[in-house]
Amino acid sequence: MTGCIRRLSLYKLPIPIGLLIFICCIFFLEGCASKNEVVKLQYDLDSAKRQVNSLKKEQEKLTDLFKENQKKTDELKVIIAGIEDNIKESVRPMRKNQADTNAELDNFRTELQSLQGKIEEHEYIIGQKRQKDISFKKEYAAELDKINTDLSQLKNRLLVIEGFFISEGKLSQEESHSKKDPAKKIKEEKTKITQKPEPKELYNEAYSDFKRGDIKKARGGFHRYLRLFPNTDYSDNAQYWIGESYFLEKKYREAIIEFEEVIKKYPKGNKTSSALLKQGLSFYRLGDKTSAKLLLQKVIKDYPGTTQAQIARNELKNIM
């Protein structure tokens, strides 16, 4: 009996089956088991064997499946290893290129800093030159204004001197004529007093005095012309030159009044735009920039394309 138990222990059966066989042996040995019980035990034993066989088949299937999965796993490991090698091979030149790129970037940064320094240096030099140019332009402009002022004064003096010599020459001629023929001189003077002069002749005489620089005499001649001929083709011109005479003498308030007479009395004359322009310049020289701007803008608006409009536009730039 003991030998049978030992033999049974050699088989690696599941614990429930071994226990069942062990119980059967006990019943058999003790002699208390019936025939039916033996049959039942035999059936249970066969059933247990079938379960064991089924479990073995399942185990074999699982083993095959494990082997198949292991094989696929090994194949995947090989594929992954190959991919890793390929990645390493691909990354190696990229790392080299990255290193080269970083080196080039460092060189570029160095060159950029050097260039920035040169730019700042050039900007400083240009700024210094610009300041010198501005200072030079201011000095040049001041010198140019002084030259223009001196030139204007010289022109006026020249006109005065020319007028003086012309007057002296005319006076000498009149004196020589009077010495030769005193009766003729008296006769001519009486004719001048009693006879009304021609408009054009009177105007030309005053205008000649103006060009010679004899401003006051010319102004008197223009006033006389307007008293005798207030509504001729030269009346607006005569009134304008009266205003111009005050403008040249820098009597800007009087000039404004006389130019206003041109605008009111002769609005359709050829001197209206010039009178407006000179009014604006007179106000500017008096320090009234607002009135000056309005008048100069009116010249530009009412008389576009004229020389007076161009002068007004240039003067507005100075006033702004």
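For the structure, check the block above.
It should be emphasised that the depicted structure is a prediction, and the values quoted were computed from it without experimental measurement.

Enquirer: Describe the overall build of the chain, listing the residues and the values that go with them.
Expert: A count of helices and strands for the chain gives eleven helices and zero strands. Buried residues in the chain amount to 21% of all 320 residues. Residue pairs at least 24 apart in sequence account for 50% of intrachain contacts in the chain once pairs closer than 6 positions are excluded. As presented, the chain carries roughly 24700 Å² of accessible surface, and 57% of it is formed by carbon and sulfur atoms.

Enquirer: Could you give an account of the environment of Leu296, with specific residues and numbers?
Expert: In this structure, Leu296 sits in helix 10 (residues 289–302). For Leu296, a relative accessible area of 0% translates into the label buried.

Enquirer: A description of a nonpolar patch on the surface should follow, citing residues and the corresponding values.
Expert: Residues Leu76, Ile79, Ile80, Ile83 and Ile87 make up a contiguous nonpolar surface patch of about 460 Å² in total accessible area. Here Ile79 lies in helix 3 (residues 35–180).

Enquirer: So, the side chain of Thr272: which residues are in play, and what are the values?
Expert: Within the secondary structure, Thr272 is located in helix 9 (residues 272–285). Within polar-contact distance, the side chain of Thr272 engages the backbone oxygen of Tyr266 at 2.9 Å. Among the polar contacts listed, one links the side chain of Thr272 to the backbone oxygen of Pro267, at a separation of 3.2 Å. Aside from chain neighbours lying at most four places away, what touches Thr272 is Val262, Ile263, Tyr266, Pro267 and Tyr303.

Enquirer: How would you explain the pattern of salt bridges if you had to name every residue and give the values?
Expert: Scanning the model with the defined rule gives seven salt bridges in all. With a closest N to O distance of 2.8 Å, Asp302 and Lys298 form a salt bridge. Placement of both Asp302 and Lys298 in helix 10 is noted, with a separation of four residues, approximately one turn of the helix. Since its relative accessible area comes to 40%, Lys298 is described here as partly exposed. Overlapping salt bridges bring together Arg219, Glu249 and Lys251 as one network.

Enquirer: Requested: an account of helix 6 (residues 215–228), with residues and values cited.
Expert: Between the first and last C-alpha of helix 6 there are 20 Å, a value that for 14 residues agrees with the 20 Å anticipated at 1.5 Å per step. Those residues of helix 6 that sit buried are Ile215, Ala218, Arg219, Gly221, Phe222, Tyr225 and Leu226. Along the long axis of helix 6, the arc covered by the buried residues comes to 160 degrees, so they all point the same way. Seen from the open side of helix 6, the exposed residues pointing more than 90 degrees away from its buried face are Lys216 and Arg227. Where helix 6 is buried, its residues contact helix 5 (199–212) and helix 7 (235–248).

Enquirer: Can you break down the packing of helix 5 against helix 7 residue by residue, with the values?
Expert: At a closest axis distance of 11 Å, the pairing of helix 5 and helix 7 adopts a crossing angle of 15 degrees. In this view, helix 5 runs roughly parallel relative to helix 7, as classed from their interaxial angle. As helix 5 packs across helix 7, the resulting crossing turns out to be left-handed. Between helix 5 and helix 7, the residues in contact are Tyr203, Tyr207 and Phe210 and Asn237, Ala238, Trp241, Glu244, Ser245 and Leu248, respectively. Here the contact of helix 5 with helix 7 is built from residues that sort into six nonpolar, two polar and one charged.

Enquirer: Lay out the packing of helix 9 against helix 10 with the relevant residues and their values.
Expert: Here helix 9 crosses helix 10 at 160 degrees, and the two axes come no closer than 7 Å. One finds that helix 9 runs roughly antiparallel with respect to helix 10. Here helix 9 runs over helix 10; the crossing is left-handed. On helix 10, the residues that touch Ser273, Leu276, Leu277, Gln279, Gly280, Phe283 and Tyr284 of helix 9 are Lys289, Ser291, Ala292, Leu295, Leu296, Lys298 and Val299. Within the contact of helix 9 with helix 10, the residues separate by chemical class into eight nonpolar, four polar and two charged.

Enquirer: Run through the side chain of Lys278, naming residues and quoting values.
Expert: Checked against the element boundaries, Lys278 lands in helix 9. One polar contact links Lys278 to Glu244, side chain to side chain, over a distance of 2.7 Å. Setting aside its immediate chain neighbours within four residues, Lys278 contacts Tyr240, Glu244, Phe247 and Phe259.

About the criteria used
Residues numbered from 1 in each chain as written. Predicted model: local features only at pLDDT ≥ 70, side-chain atom pairs only at ≥ 80, totals over all residues. Heavy atoms only, no water. Helix = DSSP H or I, 4+ residues; strand = E, 2+ residues; numbered from the N terminus. Buried < 20%, exposed > 50% of the residue type's maximum accessible area, 1.4 Å probe, protein only. Contact = heavy atoms within 4.5 Å. Areas by Shrake-Rupley, 256 points an atom, 1.4 Å probe, with all protein chains shown as cover. Patch = residues over 30% accessible without salt bridge, like charges linked within 9 Å, V, L, I, M, F, W, Y side chains within 5 Å. Salt bridge = Lys/Arg side-chain N within 4 Å of Asp/Glu carboxyl O. Polar contact = N/O pair within 3.5 Å; in protein donor to acceptor, adjacent residues only side chain to side chain. Expected span 1.5 Å × (residues − 1). Arc of directions from axis to C-beta. Axes fitted to C-alpha atoms, helices over the stretch in contact; angles between N-to-C directions. Parallel < 35°, antiparallel > 145°, perpendicular 65-115°, else oblique. Left-handed = near helix turned anticlockwise from the far one by under 90°. Nonpolar A, V, L, I, M, F, W, Y, C, P; charged D, E, K, R; others polar.

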